[in-house]
Amino acid sequence: VNLHGRQFSAVLRFNEIGELGDFITEDRYRSVGKGNEKTKWSTPLRGYREVNGLCIPSEGEAVWHLPEGEFAYIQVSIGEVCYDTFDYD
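Since the structure is predicted, the reported quantities are computational estimates derived from the model, not experimental observations. (Residues numbered from 1 in each chain as written. Predicted model: local features only at pLDDT ≥ 70, side-chain atom pairs only at ≥ 80, totals over all residues. Heavy atoms only, no water.)

### Comments concerning the packing of aromatic side chains
Here is step 1: The final tally for this structure, using the stated rule, is three aromatic pairs.
Here is step 2: The interplanar angle of 75° and the centroid separation of 6.3 Å between the aromatic rings of phenylalanine 23 and tryptophan 41 together place this pair among those described as edge-to-face. With phenylalanine 23 in strand 4 (residues 20-32) and tryptophan 41 in strand 5 (residues 35-42), this residue pair connects regions lying 18 residues apart in the sequence.
Here is step 3: With a relative accessible area of 22%, phenylalanine 23 lands in the partly exposed category.
Here is step 4: Cluster of aromatic residues (ring-pair linked, three or more members): Trp64, Phe71 and Tyr73.
Here is step 5: In this structure, arginine 28 packs its charged tip against the face of tryptophan 41, placed 4.2 Å from the ring centre. (Phe/Tyr/Trp six-rings, centres within 6.5 Å; stacked < 30°, edge-to-face > 60°. Helix = DSSP H or I, 4+ residues; strand = E, 2+ residues; numbered from the N terminus. Buried < 20%, exposed > 50% of the residue type's maximum accessible area, 1.4 Å probe, protein only. Lys NZ or Arg CZ within 6 Å of the ring centre and 35° of its normal.)

So, in structure tokens, the structure goes:
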């Protein structure tokens, strides 16, 4: 993928009914000391449910895959979704 002049690649994993289960990339950088180091990163998703007519994951996390093991630095739980609709005509 090329986005705003920056390229990256990712593996998208889906479950047996077509829900996105994980987004995995080797193209993310994390801060290490005074520099940055390319590190595998993933966003496992789960708990799909219908919210306001949309089927969305209700839980997920962001994970660095470090030599010493996985480090989930954020865990997210979605309880409610609010959104506005816009008329672009």
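Let's pick the thread back up.
### Quick look at the pairing of strand 7 (residues 54-66)
Here is step 1: As paired strands, strand 5 and strand 7 are joined by two bridges and run antiparallel to one another. Its bridge partner lying in strand 7, serine 42 is registered against valine 63.
Here is step 2: Sheet topology note: the strand 6 (residues 45-51)/strand 7 ladder contains six bridges and is antiparallel. Residue pairing in the sheet places arginine 49 in a bridge with isoleucine 56 of strand 7.
Here is step 3: What sits between the antiparallel neighbours strand 6 and strand 7 is a turn of two residues, in which asparagine 52 has the positive phi angle 50°.
Here is step 4: Here eight bridges tie strand 7 to strand 8 (residues 69-77), and the two strands are oriented antiparallel to one another. Each bridged residue has a counterpart across the sheet, and for leucine 66 the counterpart in strand 8 is glycine 69.
Here is step 5: Hairpin connection of strand 7 to strand 8: two residues between the antiparallel strands. (Pairing = 2+ DSSP bridges.)

### What about the pattern of salt bridges?
Here is step 1: Enumeration according to the criterion identifies three salt bridges in this entry.
Here is step 2: The salt bridge involving arginine 30 is made with glutamate 37; its shortest N-O contact spans 3.2 Å.
Here is step 3: The salt bridge involving glutamate 59 is made with arginine 46; its shortest N-O contact spans 3.4 Å. With glutamate 59 in strand 7 and arginine 46 in strand 6, the pair connects residues that are 13 residues apart, well separated along the chain. (Salt bridge = Lys/Arg side-chain N within 4 Å of Asp/Glu carboxyl O.)

### Let's talk about the pairing of strand 4
Here is step 1: Here strand 3 (residues 11-14) runs beside strand 4; their pairing, made up of four bridges, is antiparallel. Its bridge partner being in strand 4, leucine 12 is matched across the sheet by phenylalanine 23.
Here is step 2: Hairpin geometry of strand 3 and strand 4 is characterised by an intervening segment of five residues between the two adjacent antiparallel strands and by a positive phi of about 90° at glycine 18.
Here is step 3: As defined by bridge partners, strand 4 adjoins strand 5 across seven bridges and the pair is classed as antiparallel.

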